[in-house]
Every structure is written in structure tokens, then in C-alpha cells.
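Residue-level structure breakdown
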Amino acid sequence: MKINRRTFNAALAGQALIAGILGRGSSAMALTAGTLTIAQGFDPVSLWPNFSTTQEQINVGSAIVESLFWVDPKTGKTEPVLGESYELVDPKTVKIVLRKGVKYTNGEEFNADAVVNTFKIFTDVKVTPAYGRYAAPIDRAEKTDDHTVTLYLKHPYPALHLILSQIYIVPPKYWAEVGGAEGFGKKPIGTGPYVLTEWVRDNRIVMDANANYWGKVPAGIKKLVWRPVPDDTARTNGLLAGEFDIATNIPISAAAQIKAQKGLRVVSVPSYRIFTIGLSNLPEHPGPLHDKRVRQALNYAIDKQAILDSLLQGEGRLLSGQLLRKEQLGFDPAIKDYPFDPEKAKALLAEAGFPNGLTITFKFPTGRYAQDREVAEAVAGMLAEVGVKAEMVSLEAGEFLRQLSARELAPMGFVGLAPADDPDLQWAQYRSDWRYSYLTHPEIDKLIDAGAREVDANKRAEIYKKAAQIMHDEASVLFLYQAVDLYGVTDRVKDFLPRGDQRWALYGMSMS
Amino acid sequence: MLGYVIRRILYTLPSLFCILLACFLLTRLSGDPVELFLPIDASEEARQAFREQNGLDRPVVEQFFVFTERAVRGDFGNSLRFQEPAVDLLIERLPATLELALATLALSVVIGIPAGIASAYFRNSPLDFTVRGVTAFGQAVPTFYWGILSIIIFSVWLRWLPSTGSGTIWHLILPATTLASTMLALVTRVMRSTLLETIRQDYVRTARAKGLTEMAVLVHHAVRNALIPVVTVVALQFGVLMGGVIVTETVFAWPGVGRLAIQAIYARDYPVVQAVVFFFAVIFVLSNLAADLLHAVLDPRVRLR
């Protein structure tokens with residue numbers, strides 16, 4: 001077709017018409033002032049934060065139902081929320097002072113009864129199976145007066161702040177009225193800065209600011225809209241299209257594109273998730289990995305920096321030859337990771353009786369962690385360079401978890417574990433009798449037990465340093481890297497700072 | 001006719017039972033839901049409590065027995081994830097899926113049939129080549145790719161349409177066109193090829209010889225008869241459509257049954273997976289049944305067999 005003026009004008013008119021009709025569509029989806037729109041991978045199953053440990057649902061639920069304390073990522077300190085302060089009366093008794101004059105949005109009073117009742121729910125393993133580990137040290141909670149609660153522990157517990165920031169206080173009368181967890185999860189009532197207005201499953205959750213909030217509602221955020229968008233690419237595209245203020249879990253490959261767009265930025269947060277390759281020395285998994293020299297050789301054989309730079313585009317941090325992160329109590333700056341040294345690896349293998357190399361099964365998940373298959377392939381390639389032939393077994397995410405838990409990821413398995421932010425919760429996963437521990441070392445077990453009950457921070461740090469040194473020398477795992485969580489955020493959102501466990505709170509946030 | 005209908009309906013029962021058995025066994029072969037529902041560091045006590053609560057501690061045979069007995073009554077048990085009846089979850093999301101499926105169906109029929117007719121009638125014209133090219137392309141490109149591509153073009157670049165979610169007619173356009181891409185192409189191609197065949201038939205030549213207008217010949221004689229296989233294809237495709245729904249709903253965050261299915265599968269939420277798979281199977285069986293019955297209505301020869 002030849003383009004003349006008439007066809008050109010017709011085309012223009014047509015385009016204007018289309019734009020006119022569709023223009024309404026675009027205005028309907030643009031971001032509105034005062035509304036914070038968040039896209040995440042899942043729709044919560046329940047809005048009761050203690051229903052499960054899924055971060056997405058805790059983040060949504062905690063805008064309505066509040067906890068006693070909150071560990072602020074900016075300061076790393078435990079900040080008061082509904083609790084004003086807490087102190088140890090003795091190593092097994094905790095006095096918690098509560099905020100006064102706080103009411104639930106249905107008019108119920110927030111007081112010691114509410115807290116005691118919530119502790120009862122929290123410690124019932126049938127109602128909160130996901131929090132069994134946190135509830136385990138709790139014996140009982142008692143009311144001292146209307147605004148003071150005494151918490152009795154079964155044994156001294158150093159990670160007390162984790163329990164106190166993990167328990168979300170529900171109104172007892174309303175809880176009973178709606179029939180407990182199930183009813184409450186659908187229509188929660190809390191003391192928080194927002195109230196639930198609308199929940200269309202798998203589509204959107206809308207919240208409005210709580211007019212009678214005891215604290216300060218985040219400046220400029222009158223409304224919250226939570227949108228579940230399961231596909232990573234679609235979530236990123238929605239952010240680029242200007243439909244979301246915050247998009248969680250951005251794929252590494254999309255980060256550059258977001259940074260390039262005006263008005264958007266990428267918030268990258270060092271994750272609590274650390275990646276290692278388990279090298280089993282359990283009696284039920286006999287094989288070359290029982291020899292410490294072989295395990296060390298594998299550690300020398302991997303160029304971890306190269307993996308980080310190429311496959312993860314630098315988004316991550318190498319482990320320092322230990323499990324704990326730099327910020328954690330018990331991190332030992334004196335311990336360094338095994339350097340990349342293939343010659344040394346070969347020598348060690350020869351010394352251990354494998355001059356011609358060896359063959360070993362290597363299991364890894366696909367689609368569970370960022371670039372999991374790629375990293376596993378790189379590892380196998382590097383091992384081949386020193387004569388270790390890795391027989392790769394790729395596992396679907398669900399099957400991977402089953403095998404991890406059943407100690408079937410042996411003798412060599414790629415895992416990323418993300419325990420809560422306490423050295424004990426990290427270390428406890430390596431105690432030889434733990435369900436998915438792949439190492440057995442009596443002395444490490446003893447140190448883990450000692451660390452779990454030591455309330456003195458300095459002594460505790462020393463215990464973990466000792467354990468870390470043993471584990472490093474034994475090369476009980478192949479140390480890899482600590483991951484990074486990526487969030488795409490619009491510039492109008494201020495002070496959005498998630499924690500390494502993908503939790504973030506509205507406290508202190510604002511929007512222009 | 002009645003005998004034929006009853007016979008056809010009875011044939012579906014063994015298929016449905018096999019589907020029940022298959023989806024029960026397959027879900028159980030694929031890992032332990034406890035791992036996915038509780039955090040990895042959950043205590044053994046909590047894991048046991050979860051198993052007991054959801055009947056996962058009982059022998060598999062017993063679980064199947066309970067499952068089948070309930071399923072017959074339309075009860076698939078409580079979702080492990082939501083702790084509420086799986087069937088309720090399904091029903092809650094059904095309207096969204098039906099909306100999407102019907103929009104797709106409408107698009108395919110309203111565009112596909114005329115396009116197929118035009119393509120056949122103007123055989124080997126540029127129009128025919130265009131239609132054939134576009135349909136071949138439409139069928140060849142995976143739904144997933146279409147979805148992402150259309151989001152990039154119409155949401156990210158042009159900003160005309162919302163990328164995900166549901167609520168307004170604007171939200172429906174991208175997923176429906178994406179889902180329609182395969183079905184529309186199929187309808188067009190079947191329409192074209194059967195019309196080409198009927199045009200050559202004697203009765204069409206007779207009609208022309210009688211001096212009827214070209215339009216009358218086409219509409220009353222050729223197209224009418226050519227529609228029979230198209231109807232069959234559309235009915236059969238309605239079952240296939242449900243498979244496409246899973247992908248499309250995930251890409252566009254459409255709150256329907258397909259998305260519920262995929263999440264339930266990832267989470268090993270047995271009751272929901274079973275309810276949804278069974279539901280899809282029923283739809284598939286029913287649309288096959290509908291195809292057969294429609295065929296019998298349109299073509300009396302089928303009934304006599």
C-alpha cells in the first residue's frame with residue numbers, strides 16, 4: 001500500500017481513537033497519590049501473621065496485627081512496638097511492660113490479658129506448628145498487672161528477642177468470636193496502622209489507614225494495595241509499566257533494566273540465606289567424603305568469586321569459610337575461606353588416595369533458588385578440572401525439600417538455608433541428630449548446645465568461634481556465598497528497608 | 001437419540017474413576033507436603049501434629065478409600081494450605097476462569113469463523129496467505145511467550161493496558177487474546193479447510209447451477225455444512241482451553257482456577273490439586289460429550305451408528 005496523505009490521516013485518526021478508548025484503561029492503572037501498591041509472589045493464605053512463617057503473609061498481616069517488638073534493620077536493635085520494654089528478672093524469667101492506652105480497632109482493650117492469651121495460642125503446637133521452634137523455650141506467661149506480663153522460660157534462652165518480635169498480639173474476645181485461627185485469618189482485627197477493607201483472593205488486598213492508630217501512620221500512605229503476581233517477569237514488567245510501587249523478589253537479570261528506568265531503583269538486601277554444598281560424613285553415607293582431605297580439596301577446587309561475578313552478576317557476598325554472616329554474634333574475622341587453588345586440590349586428592357580423581361553424586365534443586373542450576377553446573381565443571389567427576393542429579397523444588405529433610409541429599413548436595421537471625425538457629429541445623437544435618441562431630445554438638453543456653457554475649461561469641469574453627473578445618477561443608485534479595489521500588493517511596501529474611505515493616509516508611 | 005446419549009454418558013464414568021485414581025497416586029508420589037507447609041527447621045512434634053490433623057499419618061490405601069468415598073459426594077477434603085474445603089476454593093475462583101474462557105471462546109468464534117470463510121473463499125489471494133501465516137504463527141508460539149510479549153508491548157511500552165490482575169474489561173483483554181491465540185488459529189484453519197472441501201461438493205455446484213447468488217450459496221449451503229467439524233473442534237478445545245488457562249492465569253496473575261491449581265501443585269496441597277484436576281477432567285469429559293452430542297444433532301448419520 002502506498003502511503004498518501006489520506007491514508008496517513010486515516011491512520012492517525014485511528015490511532016487517536018484507539019488511544020482515546022484505551023486511554024481510560026491506562027489512567028485506571030496508574031499509581032494514585034497516597035496509595036502504596038506492593039506486588040509480591042504470593043497471596044497470603046491467612047492474614048494472621050502467626051499462621052505460618054511465609055514472609056509475604058507476615059508482611060501483609062503485620063500492617064494490621066502488631067507484635068510486641070520489632071528488630072529494626074537500620075539499627076539491628078530490638079525496637080518497642082506494643083511492648084514498651086522487657087528485662088530479665090532472672091535467666092528464666094522475663095518481665096514485659098506493655099504500652100498503655102492502646103485499643104484494637106473493634107474497641108477491645110490491648111492489655112496483659114490479650115498478651116497472655118496470645119502466648120497460649122503461640123505455644124499450642126496444634127495451632128501454630130510453624131512456630132514450634134520459637135515456642136519451645138516458653139513455659140508460660142502470666143499477668144502481673146494490666147500492663148505487665150511475666151514470661152517464664154523452660155531454660156535460659158539467648159535469642160529471646162526473636163520470640164518477642166515474632167509473636168503477634170490478637171484481641172482475645174474477637175479471636176473467640178470468629179472461631180480462632182481460621183476466622184481471624186480472614187478478617188483480622190489489630191492495633192496496627194492499617195485496617196482491612198477488601199480482600200479478593202489472588203487478586204488484591206486493600207487496607208486503609210487506621211484513624212485511631214496509637215502511633216504515627218506512615219506519612220503519605222493512606223492506603224495499601226497488595227497485589228499477588230506469581231510470575232517474576234510479569235511482576236518486574238508491572239513495575240516497569242508503573243503499576244506498582246514495590247515489586248519483591250526481582251530476578252537478577254532484570255535489575256539493570258529497572259535501574260535504567262527513571263523513577264525506579266533497585267533495593268538490594270543481603271539475605272540471611274547462605275549457600276553451601278553439604279558434604280556428608282554421616283555413617284550411613286560411606287564414601288570418599290569421610291576423608292577430611294577430600295572435603296578440603298573440593299573447597300580449594302571451586303572459584304567462588306567467578307561464580308558470584310558471572311552467574312549472580314556480583315549480587316551476593318562470599319562466605320568467609322564459616323556459616324555466620326559478618327553482622328552476627330560469633331562471626332570470626334580471623335577465619336578466611338579456602339582460596340581457589342586447583343593444584344592444591346589435586347595434591348590433596350592424591351594424598352587421600354585418589355590420584356586419578358573420583359566420581360561422586362551431586363544433587364541440586366532447580367527453580368528453588370536464583371540461578372540454582374547454573375551454579376550447580378559451574379561447580380561440577382570446576383570439580384571436573386581437578387578430576388572429580390560429579391554425577392549431577394537435578395531435583396524439582398518439592399522433591400528437593402523432601403530429600404533434604406530425609407537426609408537423602410548425600411553425599412553432596414547444594415542447599416541454601418535461611419534460618420532466623422540468631423547464631424543458634426543457624427548452628428542448630430548442623431547438630432548431628434538434627435533431621436537434615438549431614439555432619440557428625442561430637443565436639444561441634446557440644447558447642448552448639450552450650451551456645452544455645454549461654455546468655456552472656458561475649459562467652460557465647462567465643463563458643464561459636466570455636467565451633468566455626470573446627471568446622472572450617474574439617475571442611476564439613478563447601479562454603480559458597482550469601483545471597484541478596486532484590487526489590488524494585490519507585491522513587492516516591494522513602495525508607496523502604498527490608499531485612500535479610502525478607503521481612504519489612506511500615507514503621508518509619510513514608511511516601512511523597 | 002436418547003439411547004445414544006445415555007450410552008455416551010455411561011462411557012465417561014470409568015474415565016472419571018481412572019482420573020480420580022491417577023490424581024490421587026500422582027500427588028502422593030511427588031513428595032511430602034509437610035516439608036512445604038512447615039518451615040524447614042520445624043520440630044518433629046509440630047510435623048507430627050500437622051500430619052495427624054490432615055490425615056497424612058494414615059496408610060495410603062486408607063487415605064485413598066476415604067478420598068474416593070468423599071469425592072463421590074463432591075467433598076475433596078480441606079485444603080492443607082487454607083484449612084478450608086478445597087471445593088469452596090475451587091468455586092470461589094471459578095467465575096474468573098469462566099469469564100476468561102468465555103471471552104476466549106467468543107474471540108475465537110467471532111474472529112476465527114469469518115476469517116476462515118474469507119480465507120477459503122479468496123483462496124490463494126494475499127488475504128489467504130496472510131491468514132494462513134498468522135494462524136500458523138499463532139499456533140506455533142507458546143502461550144507463555146505470547147503473554148510476556150503482550151505485557152511488554154501493551155503494558156510496559158505503550159502503557160495502554162494493565163499488565164496483571166482482574167477487575168475491569170481492560171484487565172481481560174491481554175489474557176483473553178493470549179489464551180485465544182491458539183484456539184483462534186485452530187478455528188480459522190479448520191473453518192478454512194472444511195469450507196474448501198464443501199465448496200467442491202456437488203450440492204454447492206447444484207445450488208450455483210440453480211442461479212442462486214454467490215452469497216446465498218456460501219451462507220446457506222457451503223458454510224452451514226462446513227460448520228459441523230468447527231463446532232466439534234470448538235467443543236473439544238474448550239477442554240484443552242483449561243490447560244492453557246493455567247499458564248495464562250499465572251502470567252497475568254488472573255485469580256482463577258488455573259492459578260489455584262499451579263499454586264496447589266507447588267505446595268503439594270493434595271486436596272486442592274485433586275479437586276482441581278478432577279474438575280478439569282470433568283470439563284474435558286463433558287466437552288467431549290457435548291461435541292459428540294452436538295455432532296449427533298447436526299449430523300443425523302452419527303445417531304444411527
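Notes on the overall build of chain B
Across its full length, chain B carries 13 helices and 0 strands. Along the first, second and third principal axes, the C-alpha set of chain B runs to 85 × 55 × 30 Å. Intrachain contacts of chain B at a sequence separation of at least 6 include 73% that bridge at least 24 residues. Accessible surface, chain B: about 14,300 Å² in total, of which carbon and sulfur atoms supply 70%. The positive charge centre, built from 25 side chains, and the negative charge centre, built from 22, are 16 Å apart in chain B.

Thoughts on the overall build of chain A
Each helix and strand in chain A was counted, giving 17 helices and 19 strands. Here chain A has a C-alpha radius of gyration of 26 Å; the compact-globule value for 512 residues is 24 Å, and the two agree. Long-range pairs, those at least 24 residues apart, make up 68% of the contacts in chain A between residues at least 6 apart in sequence. Taken as a whole, chain A presents about 20,400 Å² of accessible surface, with 52% of it coming from carbon and sulfur. Across chain A, 59 positive and 60 negative side-chain charges occur, with their mean positions spaced 5 Å apart.

Overview of the interface of chain B and chain A
Opposite the 45 residues of chain B that make contact, chain A presents 47 residues. Carbon and sulfur atoms supply 58% of the area that chain B and chain A bury against each other, a total of about 4,200 Å² over both sides. Connecting chain B to chain A are 6 salt bridges. For arginine 268 of chain B, the salt bridge goes to glutamate 396 of chain A, with nearest N and O atoms at 2.6 Å. Of all elements in the fold, only helix H2 (33-37), helix H3 (44-53), helix H5 (86-121), helix H7 (143-157), helix H10 (214-251) and helix H11 (257-267) of chain B reach the threshold of two or more residues within the side of chain B that touches chain A. Here the residues of the side of chain B that touches chain A sort into 21 nonpolar, 11 polar and 13 charged.

Considerations on helix H3 (residues 112-122) of chain A
Residue and element names in this part refer to chain A. Counting buried positions along H3 yields 8 of 11 residues, so the element is predominantly enclosed. Taken together, the buried positions of H3 are Ala112, Ala114, Val115, Val116, Thr118, Phe119, Ile121 and Phe122. Check the buried side of H3 and you find it contacts strand S5 (93-98), helix H4 (132-135), strand S6 (138-145), strand S7 (148-153), helix H5 (160-164) and helix H6 (172-177). Its side-chain oxygen 3.1 Å from the backbone nitrogen of aspartate 113, asparagine 111 forms the N-cap of H3.

Regarding the environment of aspartate 456 of chain A
Residues and elements named next belong to chain A. Note that aspartate 456 resides in the loop between helix H16 (442-453) and helix H17 (457-474). Given the relative accessible area of 34%, aspartate 456 is considered partly exposed. Polar side-chain contacts of aspartate 456 include one of 3.1 Å to the backbone nitrogen of lysine 459.

With respect to the nonpolar core
All names here are of chain A. Ile277, Leu383, Phe414, Trp427 and Tyr481 are the most contacted members of the largest nonpolar core, which totals 95 residues. When residues no more than four places from it in sequence are discounted, the contact partners of leucine 383 are Leu298, Ala301, Ile302, Val388, Ala390 and Met412. With 78 residues, the next largest nonpolar core counts Leu47, Leu160, Val269 and Val493 among its residues.

Comments concerning the sheet that holds S6 of chain A
Residue and element names in this part refer to chain A. Strand order in the open sheet made by the 4 strands is S4-S5-S7-S6, with antiparallel pairing throughout. Each edge of the open sheet is held by one strand with a lone partner, namely strand S4 (83-90) and S6. Sheet twist, expressed as the average angle between the axes of neighbouring strands with direction ignored, equals 20 degrees. In this sheet, S7 lies alongside S5 in antiparallel orientation, the contact comprising 5 bridges. For valine 94, the partnering residue across the bridge sits in S7 and is leucine 151. The sheet contacts of H3 involve S5, S6 and S7, and relative to S6 the element is tilted by about 170 degrees.

Focus on the confidence of the model for chain A
The predicted model of chain A averages 90 in pLDDT, with 94% of residues at 70 or higher. Note that residues 1-28 of chain A has pLDDT below 50 and, in this model, 13 contacts with residues that lie over four places away or in other chains.

Digging into the pairing of strand S14 (residues 358-366) of chain A
On a regular strand, one side chain projects to one face of the sheet and the next to the other, so that they alternate. Residue and element names in this part refer to chain A. Alignment of S14 against strand S15 (residues 388-396), held across 9 bridges, turns out to be parallel. Each bridged residue has a counterpart across the sheet, and for threonine 366 the counterpart in S15 is glutamate 396. After leaving S14, the chain enters helix H13 (residues 372-385) and then returns to the sheet as S15, a path that is right-handed. Across 2 bridges, S14 lies against strand S16 (residues 412-417) in parallel orientation. Its bridge partner being in S16, lysine 363 is matched across the sheet by glycine 413.

A word on the packing of aromatic side chains
Inspection of every chain in the model, using the stated rule, returns 28 aromatic pairs over all chains. For the ring pair tyrosine 104 of chain A and phenylalanine 110 of chain A, a centre distance of 6.4 Å and an interplane angle of 65 degrees mean the geometry is edge-to-face. Taking relative accessible area as the criterion, phenylalanine 110 of chain A reaches 0% and is therefore assigned buried. With centroids separated by 5.9 Å and ring planes inclined at 45 degrees, the aromatic side chains of phenylalanine 279 of chain B and phenylalanine 280 of chain B adopt a geometry described as tilted. According to the relative accessible area criterion, phenylalanine 279 of chain B is buried, its value standing at 17%. Exposure remark for phenylalanine 280 of chain B: the relative accessible area of 13% places this residue in the buried category. Taken together, the ring pairs in this structure connect Phe275, Tyr369, Phe400, Phe414 and Tyr481 of chain A into an aromatic cluster. Between arginine 140 of chain A and the ring centre of tyrosine 152 of chain A, over which it is positioned, the NZ or CZ distance is 4.1 Å.

Some remarks on the packing of H10 of chain B against helix H12 (residues 270-298) of chain B
Residues and elements named next belong to chain B. It is the contact of H10 with H12, at a shortest axis distance of 8 Å, that shows an interaxial angle of 175 degrees. By the angle class used here, H10 and H12 are roughly antiparallel. Listed contacts from H12 to Ile228, Val231, Thr232, Ala235, Leu236, Phe238, Gly239, Val240, Met242 and Ile246 of H10 are Phe280, Ile283, Phe284, Ser287, Asn288, Ala291, Leu294, His295 and Leu298. Here the contact of H10 with H12 is composed, by residue class, of 14 nonpolar, 5 polar and no charged.

A short note on the pattern of salt bridges
Tallied over the full model, the rule gives 42 salt bridges over all chains. A salt bridge links glutamate 142 of chain A to arginine 140 of chain A; its shortest N-O distance comes to 2.8 Å. Note that arginine 407 of chain A and glutamate 284 of chain A form a salt bridge whose closest N and O atoms lie 3.6 Å from each other. One end of the pair, arginine 407 of chain A, is in the loop between helix H14 (397-405) and S16; the other, glutamate 284 of chain A, is in the loop between strand S12 (264-279) and helix H10 (292-301), with 123 residues separating them in the sequence. On the accessibility criterion, glutamate 284 of chain A (45% relative accessible area) is partly exposed. One continuous salt-bridge network, built from bridges that share partners, spans Glu182, Lys186, Arg201 and Asp202 of chain A together with Glu84, Glu92, Arg93 and Arg259 of chain B.

With respect to the packing of helix H8 (residues 169-199) of chain B against H10 of chain B
Residues and elements named next belong to chain B. It is the contact of H8 with H10, at a shortest axis distance of 8 Å, that shows an interaxial angle of 155 degrees. Relative to H10, the element H8 is oriented roughly antiparallel. Relative to H10, the crossing made by H8 is right-handed. Grouping the amino acids of the contact of H8 with H10 by side-chain chemistry returns 20 nonpolar, 7 polar and no charged.

Re the pairing of S4 of chain A
Residues and elements named next belong to chain A. Taken together, the 6 bridges between S4 and S5 define a ladder with antiparallel strand orientation. Its bridge partner being in S5, serine 85 is matched across the sheet by valine 97. Adjacent in sequence and paired antiparallel, S4 and S5 are bridged by 2 residues.

The rules behind each value
Residues numbered from 1 in each chain as written. Chains lettered and ligands numbered in written order. Predicted model: local features only at pLDDT ≥ 70, side-chain atom pairs only at ≥ 80, totals over all residues. Heavy atoms only, no water. Helix = DSSP H or I, 4+ residues; strand = E, 2+ residues; numbered from the N terminus. Contact = heavy atoms within 4.5 Å. Areas by Shrake-Rupley, 256 points an atom, 1.4 Å probe, with all protein chains shown as cover. Lys, Arg positive; Asp, Glu negative; His and termini not counted. Charge placed at Lys NZ, Arg CZ, Asp CG, Glu CD. Rg over C-alpha atoms; globule rule 2.2 N^0.38 Å. Buried area = accessible area lost by both parts, 1.4 Å probe. Salt bridge = Lys/Arg side-chain N within 4 Å of Asp/Glu carboxyl O. Nonpolar A, V, L, I, M, F, W, Y, C, P; charged D, E, K, R; others polar. Buried < 20%, exposed > 50% of the residue type's maximum accessible area, 1.4 Å probe, protein only. Polar contact = N/O pair within 3.5 Å; in protein donor to acceptor, adjacent residues only side chain to side chain. Core = buried A, V, L, I, M, F, W, Y, C linked by side-chain atoms within 4.5 Å. Pairing = 2+ DSSP bridges. Axes fitted to C-alpha atoms, helices over the stretch in contact; angles between N-to-C directions. pLDDT = per-residue confidence, 0-100. Right-handed = clockwise from strand over helix to strand, strands pointing away. Phe/Tyr/Trp six-rings, centres within 6.5 Å; stacked < 30°, edge-to-face > 60°. Lys NZ or Arg CZ within 6 Å of the ring centre and 35° of its normal. Parallel < 35°, antiparallel > 145°, perpendicular 65-115°, else oblique. Left-handed = near helix turned anticlockwise from the far one by under 90°.

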